[in-house]
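Single-letter residue listing:
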Amino acid sequence: MIGFVDLHCHALFRVDDGAKDENTMKSMLDLAYSDGTRYLCFTPHFKIFEFDSEDEVYVQMQRLNHRFKIACEYTHEKYPDMCLFLGNEIMYHLDADVSLATNKCHYLGDSSYALIEFEPDSSAYEIESSVLRLLRRGVRPLIAHIERYSAIVKDFSFAKSLKDNGALFQVNARSVTKFKFGKIANFLKLSFKKRMVDVVASDAHNATSFSPQLSKAYSTVLKKYGQDYADSIFHEKPLAILKNEQIF
Ligand SMILES: [Fe+2]
């Protein structure tokens, strides 16, 4: 077994719309572990417009750190071979690089990669200019659930140019099995076929309907696109991100 690496997960409790309490977080960690995940990065939402002051941001940061410590104590006891990391799913804003540099939000672990999301109806221009701005400022963007943005899904050449410019693509595990027909299914099929997807992650929000399990999506990718690629996007590349290695 390769040991899945989950780079997008809302299991940290009472910090966003993910795990509602400590027990839910523990159930999510139990599920992730039993399903084969050995590296998991918590990525609570970070939306700068939700804060009224800098103080509020830093209070939230302390809250994250405290709850992360509780999660680490739990896995250290129960699953000593499981590694946890702290990140954020950052809703893009003009000063996202400054927010990262001033520790208002987290990169993925100690890397220089950050999980970035956009509004689903963002224009191609908004997405491209944001990606380029981040790259210019030393932030390597892993775009969260790439299948969610209409400007990307409808224009594969735009998706390709984003990749060529240095963006990385993350797909949600649920989307791998959920979309069978239509635009998103076609986009995903082509993206996997052309090896454009870098990471599949759970984006889990609970222990039931949106859980942190990757094995089903892994089996689907394995069957359709082969073991080398499946291992690459469920293990090798996400692990390389956490190690801050260059991804090609
Ligand atoms: Fe998310």
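### Considering the packing of helix H4 (residues 124-136) against helix H6 (residues 156-165)
The contact between H4 and H6 brings their axes to 10 Å, and the two run at 10 degrees. Here H4 is positioned roughly parallel relative to H6, judged by the angle of their axes. Note on element contacts: H6 touches H4 through Phe158, Leu162 and Asn165, opposite Ala124, Glu128, Val131, Leu132 and Leu135.

### Structural notes on the pairing of strand E8 (residues 168-172)
The element E8 is largely enclosed, with a buried count of 5 among its 5 residues. Every second residue of E8 is oriented toward a common face, with Leu168, Gln170 and Asn172 on one face and Phe169 and Val171 on the other, all of them buried.

### Quick word on the sheet that holds strand E9 (residues 199-201)
Reading across from one edge, E3-E5-E6-E7-E8-E9 is the order of the 6 strands in this open sheet, with parallel pairing throughout. Both edges of this open sheet fall to strand E3 (45-46) and E9, since each of them pairs with a single strand only. Of the pairings in the sheet, the one linking E8 to E9 comprises 3 bridges and is parallel in character. Across the sheet, Val171 pairs through a bridge with Val200, a residue of E9.

### Examining the nonpolar core
Within the largest apolar cluster, 69 residues are counted, with the highest numbers of intra-cluster contacts made by Leu108, Leu142 and Val200. Beyond its immediate chain neighbours, meaning those up to four positions away, Val200 contacts Val171, Ala173, Val176, Leu214, Ala217, Val221, Ile233 and Phe234.

### Topic: the sheet that holds strand E4 (residues 83-86)
On the basis of which strands lie adjacent, the open sheet formed by 3 strands has the order E1-E2-E4 and parallel pairing. Both edges of this open sheet fall to strand E1 (4-9) and E4, since each of them pairs with a single strand only. Looking at each pair of strands side by side, their axes are set apart by 20 degrees on average, direction ignored. Bridging between strand E2 (residues 37-42) and E4 involves 4 bridges; their strand directions are parallel. When the sheet's bridge partners are listed, Tyr39 is paired in E4 with Cys83. Here helix H2 (residues 54-78) sits on the sheet and contacts E2 and E4; the angle it forms with E4, its principal contact strand, is near 175 degrees.

Cut-offs applied
- Residues numbered from 1 in each chain as written.
- Predicted model: local features only at pLDDT ≥ 70, side-chain atom pairs only at ≥ 80, totals over all residues.
- Axes fitted to C-alpha atoms, helices over the stretch in contact; angles between N-to-C directions.
- Helix = DSSP H or I, 4+ residues; strand = E, 2+ residues; numbered from the N terminus.
- Parallel < 35°, antiparallel > 145°, perpendicular 65-115°, else oblique.
- Contact = placed C-beta atoms within 7 Å.
- Buried ≥ 20, exposed ≤ 12 C-beta atoms within 10 Å, placed from the backbone.
- Pairing = 2+ DSSP bridges.
- Core = buried A, V, L, I, M, F, W, Y, C linked by C-beta atoms within 7 Å.

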